[in-house]
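# Commentary on secondary and tertiary structure
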Amino acid sequence: MRIKTKLILLVITPILGTTALVGVGYDQLGDMRETNRHLAEDKFGTLVQTDLPRLELLYGSIALLLNGDRDAYQVLQAELQAMDGAEGADFEALVSQSASNLDQVHERILKGSESLPPSAISLRDDFEKQYGTWRQLHLSNLEAAKVDLEKALAGVPASLEAFETMRHTIDLMQEAQENGITESLAQVQATQEETQVLATEASASAVSTMRGFLLFGLIIALTAIIGGVALSRTILRPISTLLGRFQDIAEGTGNLTHRVDESSKDEFGELGQAFNTFLKKLETLVGHIRTGSLEISGNTAELTSTSESLANSSIDQAKHLSHIMESTTEVTDMTNKTSKSVEEAAALFERATESIKRGHERTEEMMIAMDEITASSVEIAKISELIDAFAFQTNLLALNGSVEAARAGEAGRGFAIVVDEVRNLSQSSAQASSDAGERVRESTSRTQRGAALAKEVQDLLIEVMDSTTETSKLMREILDSTGIQAERIGEVNQAVHSLDLTVQHNAASAEELAASARTTSSMVSKLDSQVAQFHSAGS
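An account of the accompanying structure is given in this report.

Our focus in this paragraph is the packing of aromatic side chains. For the coordinates displayed, the defined rule picks out four aromatic pairs. Cluster of aromatic residues (ring-pair linked, three or more members): Tyr73, Phe127, Tyr131, Trp134 and Phe163.

So this is what it looks like as structure tokens:
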């Protein structure tokens with residue numbers, strides 16, 4: 001019999017048994033589910049839909065009645081405090097509190113009495129009447145307390161009696177609701193007891209069903225065990241033999257020349273043939289791997305040496321580029337400083353040029369003033385000559401006067417004195433005019449020399465101004481040249497920086513390549529050592 005047929009039988013037998021077990025169990029579980037459904041509908045449905053909501057409503061009604069009773073006591077307390085002599089704002093606060101609590105008493109009691117049983121529904125009408133009577137007495141007492149406290153105190157007993165009557169009715173309502181709760185609880189208890197009985201019966205049925213399942217499952221398990229033991233003799237034993245062969249090859253010497261038995265006519269014989277074919281291919285593959293690992297090992301050694309040399313060269317280049325970057329940075333700083341110095345010198349030359357221009361303008365003004373002084377000196381010289389001529393004529397007239405006075409004798413003596421004074425005055429004028437002329441001539445000579453010097457200074461200033469203008473142009477040209485030079489040096493610095501980054505990247509790549517080569521070499525060594533464990537026909 002083929003192994004496939006044996007396995008099919010071993011699989012189909014438990015499947016058929018399990019299918020039968022599931023069919024029987026499904027039928028039994030269907031009956032149990034139907035029973036539980038009727039139980040839920042008949043018992044728990046009534047409990048959840050009717051009894052529990054009824055209990056919740058009754059408890060809520062009792063709470064409303066208790067709150068209404070408490071509000072009634074608060075109204076009574078407010079009335080007694082008002083009768084105790086409260087005045088002003090305190091009295092008004094008590095009246096406001098009493099009115100609010102009165103409305104709450106009526107609202108809560110009526111709402112709490114909505115669920116009263118039919119036998120106690122008349123208590124609702126009794127409460128309405130008693131509440132109206134008590135409310136009227138209470139409000140009347142509060143109104144009377146505003147004007148006549150004694151009259152209000154006289155009405156308190158009637159109000160208390162009406163209050164107690166109303167409270168007795170509220171107590172009867174609470175008692176009726178409590179009786180309803182007791183009845184509902186008794187109904188719930190009865191439902192629970194009946195449900196417990198049904199649950200016990202269902203549990204017993206389930207236990208019986210589970211016993212049948214266990215018995216049938218035990219039969220199937222025994223059948224599977226017996227079949228498995230029988231099948232193991234025909235399947236597991238050849239598998240154990242083949243597994244031993246595998247372990248000899250994998251855990252022993254790794255000799256790929258060993259072969260397994262392939263004489264069996266079933267699937268194990270076919271498996272032996274396939275395994276022997278696999279060993280032949282594996283032997284060939286291991287030989288190729290060993291040869292390739294030796295070649296890869298030699299190549300990785302050369303690659304490691306080359307990559308390490310490249311990494312060292314890249315590191316040296318990075319160091320040189322770092323020095324170049326430092327030098328270009330220093331040159332850039334010096335160029336920037338020179339540019340700033342030239343710019344400051346150009347500014348100084350421009351200010352000096354402006355100063356020379358202003359000096360030239362002042363020199364021109366001085367030349368004009370010197371020309372005016374020269375003209376004035378000429379005019380003064382002319383006036384001095386006129387004074388000399390006038391003094392000379394006066395002197396002649398004085399001489400003539402002296403002659404005439406001498407001729408006149410005694411009569412002309414007074415005139416002679418006057419003539420002498422006039423002559424002395426003319427001589428003094430002539431002498432002063434001569435001195436003034438001399439001074440004017442000296443001043444004119446000096447003015448002419450000053451004008452000549454001023455002219456020379458003006459010419460020198462013009463030459464200096466032209467020189468400073470040319471120098472300023474040269475400084476500007478130097479400034480522009482240094483700016484362009486700084487820009488070019490900056491571009492060179494940027495290029496060197498980019499080159500430095502590239503060299504550093506190349507160095508890092510070379511180091512990674514060297515590390516990868518070393519890793520590859522290590523992996524090839526491990527692969528070679530692992531492949532060396534296997535023995536083939538050529539090794």
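This part takes up the nonpolar core. If you look at the biggest cluster of nonpolar residues, it comprises 20 residues, and the most contacted ones within it are Ile109, Phe127, Tyr131, Trp134, Met166 and Met173. Secondary-structure elements contributing two or more residues to this core are helix 1 (3-83), helix 2 (88-112), helix 3 (122-147) and helix 5 (156-234). Element by element, the count of residues in this core is highest for helix 5, at six residues. Other than its neighbours up to four places away in sequence, Phe127 contacts Val105, His106, Ile109, Leu110, Met166, Thr169, Ile170 and Met173. Grouped together as the second largest cluster of nonpolar side chains are 10 residues, Leu94, Ala144, Ala145 and Ala152 included.

Turning next to the environment of Thr329. Among the structural elements, Thr329 can be located in helix 7 (residues 267-408). Distance from Thr329 to Asn493, taken between C-alpha atoms, is 7.0 Å for residues 164 residues apart in sequence.

Attention now goes to helix 2. Relative to the 36 Å expected for 25 residues at 1.5 Å per residue, helix 2 spans 36 Å between its end C-alpha atoms, a close match to the ideal helical length. Phe91, Leu94, Ser98, Asn101, Leu102, Val105, Ile109, Leu110 and Gly112 are the residues of helix 2 that are buried.

Moving on, we come to a negative patch on the surface. Side chains of Glu456, Asp459, Glu463, Asp466 and Glu470 sit close together on the surface and give a patch of like negative charge. Within the secondary structure layout, Glu456 lies in helix 8 (residues 413-531).

This part covers the packing of helix 2 against helix 3. Contact geometry for helix 2 and helix 3: axes closest at 11 Å, N-to-C directions at 175 degrees. On the basis of their axis angle, the class for helix 2 and helix 3 is roughly antiparallel. Listed contacts from helix 3 to Phe91, Ser98, Leu102, Asp103, Val105, His106, Ile109 and Leu110 of helix 2 are Arg124, Phe127, Glu128, Tyr131, Trp134, Arg135, His138, Leu139, Leu142, Ala145 and Lys146. Of the residues in the contact of helix 2 with helix 3, the class split is 11 nonpolar, three polar and five charged.

The rules we used
All residue numbers here refer to positions counted from 1 along the written sequence of the relevant chain. Where totals are concerned, whole chains, interfaces and linings use all residues; where local detail is concerned, this predicted model gives features only for residues with pLDDT of at least 70, and gives and counts side-chain atom pairs only at 80 or more. Derived side-chain values reflect all non-hydrogen atoms in the structure, with water molecules and hydrogen atoms excluded from consideration. To pair, rings of Phe, Tyr and Trp, with the six-membered ring standing in for Trp, must have centres within 6.5 Å; the planes then decide the type, stacked if under 30 degrees apart, edge-to-face if over 60, and tilted in the middle. Throughout, nonpolar core names a set of buried Ala, Val, Leu, Ile, Met, Phe, Trp, Tyr and Cys residues whose side chains join them through atoms within 4.5 Å. Relative accessible area decides the class of each residue, using a 1.4 Å probe on protein chains only: under 20% of the type maximum gives buried, over 50% gives exposed, and in between gives partly exposed. The way it works is that DSSP assigns letters per residue, a run of H or I at least four long becomes a helix, a run of E at least two long becomes a strand, and they are numbered from the N terminus. Contact definition: two residues touch when any of their heavy atoms are within 4.5 Å. An expected span of 1.5 Å times one less than the residue number is assigned to each helix. Two joining distances apply to patches: 9 Å for like charges and 5 Å for nonpolar side chains (Val, Leu, Ile, Met, Phe, Trp, Tyr), and every residue must have over 30% relative accessible area and no salt bridge. Note on areas: Shrake-Rupley with a 1.4 Å probe; residue coverage comes only from the protein chains shown. Here, a salt bridge means any Lys or Arg side-chain nitrogen found within 4 Å of an Asp or Glu carboxyl oxygen. In this charge count, Lys and Arg are treated as positive and Asp and Glu as negative; neither His nor the chain ends contribute. Charged side chains are reduced to one point each, which is NZ for Lys, CZ for Arg, CG for Asp and CD for Glu. Convention adopted: a line fitted to C-alpha atoms gives each axis, helices being fitted over their contacting stretch, and angles between N-to-C directions are expressed from 0 to 180 degrees. Roughly parallel here means an angle under 35 degrees, roughly antiparallel means over 145, roughly perpendicular means 65 to 115, and every remaining angle is called oblique. The residue classification treats Ala, Val, Leu, Ile, Met, Phe, Trp, Tyr, Cys and Pro as nonpolar and Asp, Glu, Lys and Arg as charged. All others, Gly included, are polar.

All quantities given are derived from atomic positions and should not be read as evidence of function.
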